[in-house]
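Spelled out, the chains give:
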Amino acid sequence: METALTRLVGVRHPIVQTGMGWVAGPRLVSATANAGALGILASATMTTDRLRDAVREVKSRTREPFGVNLRADATDAGDRVRIIIEEGVRVASFALAPSAELIAELKEAGVVVIPSIGARRHAEKVAAWGADAVIVQGGEGGGHTGEVATTVLLPQVVDAVDIPVVAAGGFFDGRGLVAALAYGAAGVAMGTRFLLTSDSTVPDAVKAAYLAATVKDVTVTRAVDGLPHRMLRTELVDALENSGRTRTLFQAVRRAAGFRRLSGLTWRRMIRDGLAMKHGKELTWSQVLLAANTPMLLKASMVDGRTDLGVMASGQVAGVIEDLLSCAELVARVMKQADEALWTLVRADA
Ligand SMILES: Cc1cc2nc3c(=O)[nH]c(=O)nc-3n(C[C@H](O)[C@H](O)[C@H](O)COP(=O)(O)O)c2cc1C
């Protein structure tokens, strides 16, 4: 199926596997790429050295195009951009709106720039700055998320910008892909659905917790890092919501120390990143400190398999996903379902 997205990045199917911290590593990304969709490596939870190694590992497993996701507000975003350019990565994906300068640097080097956004005005801004496409995530999506549902946000953004729009938040099958195309999107991006594949390295116990979840077990909380964050509701989430400020802060400092070791960041850089996060938002200092909570708590589940101690970021779709397919099976199934859904429409019209 050819769309503005497949033409832009050179993939066979208009499907994106999004950059998920600790989840979207070389194995998942290369499996997605080999299945004909666009895989995006998550780099915010990697050191720059690890990022370069991970990019090379993907390249050793596939000749297909893929992307790298990074935080535009990280103080080492420039170093990461340079790695993307030097290693010839096809797509740069951003968790927050990148600056006009970063977009220009990447585009000059031939990299396709696709920021993720959660509001129409952000889409308008990055489109004006030269972004090649946007991923628009509605409120049902996993991880940090907004309030507006995909069915409302998507047509709003499609009408507002002239660049290809990729729909995210709540997609898991071929009907969703056809619905997104009907709204004027150029494809769909899925996080939770790709986390729940046999190619994802997430431990089995954690996958089992997602598969067991109903739609009502997926919640939005600010208790982890001060920002609205969609995840499975667990005893840990209840405890974080109910623990006092001092206790939460104490734990946050401990986790920040752990994250510093893992990410290779200096305290100075972490504080500068925290300040960048605080800029323009109504975050308190304790919330800024809590920022290191997300990567550490996500790692506890996504890498260490601790369903009791970790955060399990999740879209509402976890409640309707019931199987673990390989990426190749998933992409083939989505495309077959999309084909069937389109034929049903054509027959109904005849
Ligand atoms: C476990 C998990 C980790 C995530 N980590 C990131 C991240 O590091 N950067 C980012 O831009 N988005 C992140 N997200 C959001 C996803 O990239 C994607 O936009 C979202 O999952 C789409 O909604 P869906 O889960 O309904 O498919 C994460 C989502 C999940 C479920």
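Quick notes on the rules
Every chain's residues receive numbers from 1 upward, in the order its sequence appears when written. Local features in this predicted model are restricted to residues whose pLDDT is 70 or higher, and side-chain atom pairs enter the listing and the counts only when it is 80 or higher, whereas totals over whole chains, interfaces and linings include all residues. Hydrogen atoms and water are omitted, and side-chain values are computed over all heavy atoms in the structure. A pair of strands is labelled paired if DSSP reports no fewer than 2 bridges between them. The secondary structure listing takes helices from DSSP runs of H or I that are at least 4 residues long and strands from runs of E that are at least 2 residues long, numbered from the N terminus. Only protein chains enter the accessibility calculation, which uses a 1.4 Å probe; a residue whose area is less than 20% of its type maximum is buried, one above 50% is exposed, and one in between is partly exposed. Polar contacts, as used here, are pairs of N or O atoms within 3.5 Å; protein pairs need one atom able to donate a hydrogen and one able to accept it. Residues neighboring in sequence count only if both atoms are side-chain atoms. Note on definitions: a residue-residue contact is assigned when non-hydrogen atoms from the two residues lie within 4.5 Å. Throughout, near means a residue has at least one heavy atom within 4 Å of the molecule or strand. Under the scheme applied, nonpolar residues are Ala, Val, Leu, Ile, Met, Phe, Trp, Tyr, Cys and Pro; charged residues are Asp, Glu, Lys and Arg; polar residues are all the others, including Gly.

Is there a simple way to think about the sheet that holds strand β7 (residues 143-144) in this case?
Read across the sheet, three strands follow the order β7-β11-β10 without closing on themselves; strand pairing throughout is antiparallel. Every interior strand has two partners, whereas the edge strands, β7 and β10 (218-221), have only one. Here β7 runs beside strand β11 (residues 229-232); their pairing, made up of two bridges, is antiparallel. Within β11, the residue paired with Gly143 across the bridge is Arg230.

What exactly am I supposed to notice about the side chain of Gln17 here?
Along the chain, Gln17 turns up in strand β1 (residues 15-17). On the basis of relative accessible area, Gln17 is assigned to the buried category, the value being 0%. Of note is the side chain of Gln17, whose polar atom sits 3.2 Å from the side chain of Thr32. Contact partners of Gln17, with chain neighbours within four places excluded, come to Ala24, Leu28, Val29, Thr32, Leu38, Gly39, Ile40, Met190 and Phe194.

Sorry if this is basic, but what is going on with unusual backbone geometry here?
Of note, the phi angle at Trp22 is positive, near 70°, even though the residue is not glycine. With respect to the helices, strands and loops of the structure, Trp22 is situated in the loop between β1 and α2 (26-34).

Can you walk me through the site of the ligand in this structure?
Around the ligand lies a shell of 20 residues, among which Thr18, Gln137, Gly170, Gly191 and Thr192 are the nearest. Contact between the ligand and Gly19: a nitrogen atom at 3.3 Å from a main-chain N or O atom of the residue. Contacts to the ligand include Gly21, whose backbone N or O atom sits 3.1 Å from a nitrogen atom. A per-class count over the shell around the ligand returns six nonpolar, 14 polar and no charged.

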